[in-house]
Every structure is written in C-alpha cells, then in structure tokens.
Amino acid sequence: MAVVSWKEILLLTGLVVGCYWNSLSCGFVFDDVSAILDNKDLRPSTPLRNLFLNDFWGTPMAEERSHKSYRPLTVLTFRLNYLFSELSAASYHLLNVVLHTVVCVLFLRVCRLFLDKTSSLVAALLFAVHPIHTEAVTGVVGRAELLSSIFLLAAFLAYTKSTSADHSIVWAPIALTVILVAAATLCKEQGITVVGICCVHEVFVAQGFTLPMLLDTLRHVLQGKDGFPYAVLQTLLKLIVLVISTLLLVIVRVQVIQSQLPVFTRFDNPAAVSPTPTRQLTFNYLLPVNAWLLLNPSELCCDWTMGTIPLVESLIDLRNLATLAFYMFLGLLAYHSLRYRHSSAKTVIMALSLIVLPFIPASNLFFPVGFVVAERVLYVPSMGFCVLVAHGFKIVSHKGHLKRISWLIIGVLLTTHAVKTFNRNWDWESEYTLFTSALKVNKNNAKLWNNVGHALENQNNYAKALQYFLQATRVQPDDIGAHMNVGRTYKNLNRSKEAEDAYLVAKSLMPQVIPGKKYATRVAPNHLNVYINLANLIRANESRLEEADQLYRQAISMRPDFKQAYISRGELLLKMNKLTEARDAYLRALELDRTNADLWYNLAIVNIEMKDPSEALKNFNHALELNPRHKLALFNSALLMQESGEPKFWPEANRRFLTYVEEEPDDANGYFNLGMLAMDANENAAAERWMRKAIGLQAGFRSALFNLALLYSQSKREMDALPVLDELLHHHPEHIKGLILKGDILMNHKKDTHGAKACFERILHMDPTNVQGKHNLCVVYFEERDLPRAEHCLEETLALAPNEEYVRRHLNIVRGKMAAMSAAGQPLTSAEGATMSAKEEKPKRVKEGVEEVGDGEEEGRGADAVGKGAGDEKNVRKSSAESLGGVGVDQSESLASSQSEKRTKGKSTKEIKDIEEKRAAALKRLEEIERILSGD
C-alpha cells in the first residue's frame, strides 16, 4: 500500500491554491450572513456551552424556527476565526482553502487502497479542481462539508487498520473510528454515513465476499448444513459494534433536535408537499440531475429551490427517461461490483458506496430536506465519482492505442475544470455577483430575483431593487416573501399606500388557521413577520395604533413563542403610553429569550418612562452583562447615572461614555456628555476638550456650543465665549439663551450697549412675552439714561409677569429716580440719548440661568435633558431585530425600531443645592441693581 509522497502533497497543494486563491477576496454571501455575521455564538461574550445548545445558525435547538442542523464543531472553528480576525472574510476563506487541501491529501491516501499510484493521483487531482466544490470551499458555510469530510476519511482510514496480519480484530482502530465518526457527525450530519462505507469495505473488500457468496452462506446456515464461518463471525462482531455505535449517535442526535423535524415550506422544496406520485417522481428525477452536475458542471447555481426544477407530475413526462437511465446504469455498476471478486469490482463497489451513502441524507427519498438540489452536498459523493473516472482512465490507458488519448482527455478535463473553478470563485465575490450569475442559469426561481433585489437594496438602490422584487412576484405569484419585499421597498421609497397593499397581499397568502392544528408547523416562521411589518407601517399613523396592536396580537395568537411580536408590541404600547402592558410584553419576550441584550435594554427604557430609574439601571446592567459593548445600553445607562446627580456614579458613567465613544468614535453626543460630566466635576480643561471634540464632529452642535460658552463665562473667560456664541447664533439664530448670554457679556464686559440691545431686541422679536429678555432690555434703556423709556419698558414687563417682585421694585426705583430728577430740573433723558455719565456706575443685568434658575443654567441638563445630545438629540430606544438574514424574514423588513423618546428626571439633592446657591447669587445681584438704580 503506497503512501502519499511529499511531492504529491505539494502538487495537490499548489493545484488547490492555484484554483482557489482568488476566493480570499470574496466576502460573506448568502448563508454566510446568517451563519457568520448574524450568529452570536461566534462572539467571545457568548458562553461556549451555547455552541452545543444552538443550531448551526445560532438559534436554540428547542425553538421551532430552528433549522435543526447541529454542527457545534464547525461553529467552533468559526469562533476561532472570529477570535483571531473577527469578521475579516479573508481569514475564513483561507481556512477553507487549507481544509480543502487536507481533504485532497486524505482522499489520495484513501484512493491508494483501491487504485494504483497513477490512477489514485488522477482521482485526487480531479477532486481538487472539480467546479462542483466551489460552493463548499468558497462559500464559508461549506466548511461543514470540509470538516465532516476530513473526519469521515480519517475514520475510514482508521477502520481499515482494524484487522491484523493474522486476521484477528484490532479494537483500538475501531474505537478511534467511533470517535472520528462522532466528530464527523458534529461537523455535519452526513458524517455518520461513513459507518455504512466501513461496512461495505469490511464485507466486500476486506473479507472479499460477493453477493452470491453471502446468499449461499446464509442459505446453508438456514438449512442447518453449516454454521457461520469464523471470518463471517468476526465480520459480524465488528459490524455489530459499528451499528450499535451508530444507533447511539442517532439516538443522541434525535434527542438534540427534541424529536422535531425543521419546518420547511413548499417554496424551499415544492416536491416535499406534493401528492403522490408527483413527490416520488420528482425526488427520483433529482438523482440524475445531481449526477449530471458531476458529469457536466458547466452551469452552476447557488440556489436550486422553488421553481428551478419543475415538478415531474406524470409518468409520461420525458424526464422519467433520465431517471430510468440513471437507475439502469447504477444497477449495472452494482451488479458488476457485487457479483465478482476481482480488484476492479472492489474499486467500483467502494466508489458506489462513496457516491450513494453520503448522499442519502440529502436525497429527499427518506425524509424531506430544505432544498431541492445543493451543490455543496455533492462534496463527498464526488469522491466516488472521481474514483470511477480514475478507474475508467486506468482501464483505458492500459490499452496501448488509447493511452495517449486517455492522457489527453484527462489533461483537458483537469485544465477546463481548474479554469471553471477559478472563474466560478469570482461569482462568490459579493451577493450581487452571486445571484446575478445564478439568474443566468435559472430565471424561474423567485428566490434568486429576491436575493438580487436584496443586494441592490443593501446598496440603497431601492428603485432597481423594486424591479427585481416585482419580477419575483411575477415568477412566483404566491411567494409571501416576495410580496413582503415589495412592501418594504415601497416603504423605503416613501410610498406607504403601495407598501400597505403589498403587505396585505402577502397576508392574504398566509395559510388559514385550521382548528386543532398547530399553525407553526404549516408556515415558515419568517413569513409571520408580514404581520409585524404591516403593523410597523400603519402605526406611523396615530389614528391606527389600535389596528397595529391587533396585528401584533394576531401574530402572537398564531405563534405564542413569536418573540419579535412581543418586542414590537412592547414598542407600540410604550408609544400608546400603556406602560404596564409594554413592560409585560417585554417580560414575556424575556421568558422566551433571557440572553437577548436588546430585550433588557428595551425593558430599561420602559422603566424610565415609568419613573423607576433604579430598575432601569438594573436592566441596563443586565444588557451590558450579556453584551458589554451594547452601544445604546452604554450610552443611556451612563446618561442615567449622570442625571442621578450622585457623584458616586460619575466614574462609572465616565467609563461607559468612554467605551461608547470607542464603539462610536464619530458620534458627537458621546463626547458632549463626557464634557458635561467633566463640568459637573469642575474639571474645566477636560470639559473644554470634550466639548471641542463634539463640536469638531458635529458643526453647529447647539448644546455643545452653548455649554462651552457658558463654561468660558463661568471661568471668567468671557472674551473666549463670544466667538463660540457667534458660531452658535450663526447656526441657530433663534437660540434665546445664547442671545441672553451674549448680551450679558457685551454689556458687562465689552461695554457694548448697542450690541447688547440688539441681542435683547432680537429675543423680543422672536418671543414678545420673554420676561427675561424684556427686563434686560429695560436695563439697557436705563444705562442709556432714557428713563421714560425704561419706565414704559418695566411697566410692560410687569404686565407680563405681575408676580415678579423684582420687576415691581425696579419700576418703583426708576419712577423715584425720575421724580427726583424732575424736582431738580434735570432732563429725564441724556443729551446723547444712549450713554451714561462716565462717573456713574453701570448696573448689571440679570443673567440667564440665575434669575430663571428653573430652566437650568446648562443647556441640555435638568428637566430639559433629552437623551443623546441633551437638547439637540433624543434618547434612542432600540428594539431587537432577530436573524432574519440570509433569506431570514425572507429578507423582509428589518424589525428594529429606533424611536426617539424624551427622558425627564426630578431634581437631585445636589441640583437643589446648586439652585439655591444660584438664587442667592441672583438676589445679591438684584440688590446691586437696586442700589445703583437708587443712586444719584
């Protein structure tokens, strides 16, 4: 038995690299999106045990929407990829190429058991370059095939060493075989079929039995003429061990899926729900279709579902001839291999076992699967095909006159296959290239039209995407997902009426509830999202909120474990101010999934609305325990801590804001709130730095500009505040607080009475009832020595605020001054009409944030604080959008809802203390004004 040389390994490696190096430039496409991008099991924050509790796509096996594909070892390799390179697609593709190389080397080693050195190398080379493998190698999810094949071949090689030179049983290789079979099965379900391959090898190759010999032995035993020969007993013992091990694996596998088959629809596999004989005729016809793909892989397609292969509905369908020819050819090969004992027969029987047995789980003959044809499931069966081709080459090449021709044919075959494989890899570069290439092969598959639409949608090319979605509805008028996609795209194009019509069509296509029959078993879970999408659309109309709620409740009644319905309903109830019901909806969703950080976040938002900040903070912390980088939980929990006014929370709030800006380095709101925290802590330099950073990221950031100007004013840097206020008023000319602060600085620090007057007049032009602006304008008139005008101004101010004692006092002071001047014969207005005596001290006006403390001196804080940006931005309330990716929710509407919700708070002890200090300062300044107004 020849071993594999280093030269052969290098040859296979070079050929694989030459065919697949361009796959490193491909991204995550098709099923990769669900298995990699949307799969939380890859993240280090997810416990490793989840890999053994969830399916291949990260969905708990206990859930009915689970695909029931249990491949934890494959997911573990994805997790290792993520650990080293996170979501860099190149590393995932590189590992696939390496694994394919390992499979090729192992396959060559297996071929050496049945073929000579040259023929086995031909089989391995053909396997290395066969275009049918591009889906398994270039598609990242194809790793399940690659890993399962490695363990499958290793298990078979181990089993071939279970018989010693003296024909006794060696148990160690058998034990290793069982372990490797389990590993192969944990990579992909078809790995268990290697047990059947081992059985075929044991009976027909290792023991050299033929079918006639087995029948004769059995007849003799039944007739009592003879017992079982010792060799047969040994064989039976080994096979019993293998079969028992296999049954144990099957029992464990059934327990894992909780005895439930996944839910597939007629769109995934139309024949599976077809009546007899259509179902049987179609499934049998699929066998020659798969065989043809191995023989002629010129037209490959990533998706063969829906209408790709029309149903075979009658016995007179000409395609039945292909089925008949396939079975006749397979029967002839089986007859040849089972009847004779020569080496050619053994080679053929092993080739047939490699073709047939691994394909059985995907054949649809014994149980339905979620596809019609899938090229990647031909990865292992193609090994048997390559063995047959190499064996035929061996036979032909030994005939002298055909030797050169046979080598020429093999050379052309390897070259064309290698070129086809290399070119096929480019199709997997992006979802758009993949699905458009598939449409060139098959235009009768609505799913392909949908997926091209999704690719265009991801590029925000909604108009063109709509054309593909509409074509999908024409190709498959009863495709619920296609109508949902049309509705979502109309919504993106702001055509709400057409969107609603499309959703209603999709809803009308849903199967009707049959009393006593579980609804969830008759419809794809993602199709139920039509109720969610329609409700999300119509709830934008305030008059239709109850109608939207009815749709959510309808979805829940159809599927009580429909988590997304509870989430979306919770959002709606919050909008309707039904806070208790909203909380209950989120709690019900948490009963279904306590590991969902978004749900804990949403519940925290409800707690805030219910004025329960301590409970809100607990739930924010739950979200962060599950996902320490949850951006919205980081931001809003830090904001909650900041608003609490408790200094003990400030360090943690600062840490969370810092983590947030690491995640969102371009979001000015994070830097702004860091600045506000620094202002609270009297760290003026840090506050200035953060405010400057926020303004640099968001030009015209109102709250940041005002609070930076206020910071300068409080730090006795009034001249630095002026350019900041100018920028603020350039972007927000109506900013009253900014105008008041600027007027104060101009009058008290630049002595620019005219400029201050312009500021206050501008305020009154926008808001004639603004008491503070009106009062400060009165002070300007006094400074201009225009006492009659000051008196009239204060009278108007008092009329606006009759309960403000300081206005009344000021009016009395001005009137007293006017009486004194009249008695002395002095004019009541200055000669200049605008300036005061240089010797007379000028009064100071009342500052915004001192007199009107209740509004908060710092913009964006106190009762006016509104989430992110505190004044400019609002707190974002986020909802969870589950994997509806891939084709999830049939790629329909994203169910995440980002709504702006105000957050208000009561005053903390510290804030009350600050307010009292500000009131005292205001009174002191009022006394100063009164003293000046009373002076001569």
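Above: the structure in question.
Attention in this report is confined to the structure presented alongside it.

The rules behind each value
Residues numbered from 1 in each chain as written. Predicted model: local features only at pLDDT ≥ 70, side-chain atom pairs only at ≥ 80, totals over all residues. Heavy atoms only, no water. Disulfide = S-S within 2.5 Å. Helix = DSSP H or I, 4+ residues; strand = E, 2+ residues; numbered from the N terminus. Buried < 20%, exposed > 50% of the residue type's maximum accessible area, 1.4 Å probe, protein only. Salt bridge = Lys/Arg side-chain N within 4 Å of Asp/Glu carboxyl O. Phe/Tyr/Trp six-rings, centres within 6.5 Å; stacked < 30°, edge-to-face > 60°. Lys NZ or Arg CZ within 6 Å of the ring centre and 35° of its normal.

This part covers the state of the cysteines. As used in these notes, a disulfide is a covalent bond between sulfur atoms, one from each of two cysteines. In the structure shown here, the tally under the stated rule is 1 disulfide. Note on cysteine connectivity: C778 is disulfide-linked to C793, with sulfurs 2.0 Å apart. Measuring handedness by torsion sign, the sulfur bridge of C778 and C793 sits at about -80° and is left-handed. Separated by 15 residues along the polypeptide, C778 in helix α36 (residues 771-783) and C793 in helix α37 (residues 787-800) bring together distant segments of the chain. Residue classification places C793 among the buried positions, given a relative accessible area of 3%.

The next thing to look at is the pattern of salt bridges. For the structure on display, the rule yields 39 salt bridges. Between K631 and E664 there is a salt bridge; the shortest N-O distance is 2.7 Å. In this pair, K631 sits in helix α28 (residues 631-643) while E664 sits in the loop between α29 (650-663) and α30 (668-680), placing the two residues 33 residues apart along the sequence. E664 gets classed as partly exposed once you look at its relative accessible area, which sits at 27%. Residue K757 is joined to E784 by a salt bridge in which the shortest nitrogen-to-oxygen separation is 3.7 Å. With K757 in helix α35 (residues 753-766) and E784 in the loop between α36 and α37, the pair connects residues that are 27 residues apart, well separated along the chain. Residue K757 is classed as buried on the basis of its relative accessible area of 15%. Judged by relative accessible area, E784 falls into the buried class, the value being 8%. When salt bridges with common partners are traced through the structure, they connect D549, R553, R569 and E581 into a single cluster.

For S703, the position within the fold is in helix α32 (residues 702-714). The spatial distance from the C-alpha of S703 to the C-alpha of N669 is 9.7 Å, given a sequence separation of 34 residues.

Moving on to the packing of aromatic side chains. The tally for this structure, following the rule as stated, stands at 17 aromatic pairs. Measuring from ring centre to ring centre gives 5.1 Å for F127 and Y379, while their planes differ by 65°; the resulting arrangement is edge-to-face. One end of the pair, F127, is in helix α5 (residues 117-129); the other, Y379, is in the loop between α14 (343-356) and α15 (381-397), and 252 residues separate them in sequence. Each member of the pair, F127 as well as Y379, carries the same accessibility label: buried. A connected cluster of aromatic rings, assembled from ring pairs, spans W21, F422 and W426. Above the plane of the ring of F56 lies R71, whose end atom (NZ or CZ) is 4.9 Å from the centre. Against the face of W690 rests R689, its NZ or CZ located 5.1 Å from the ring centre.

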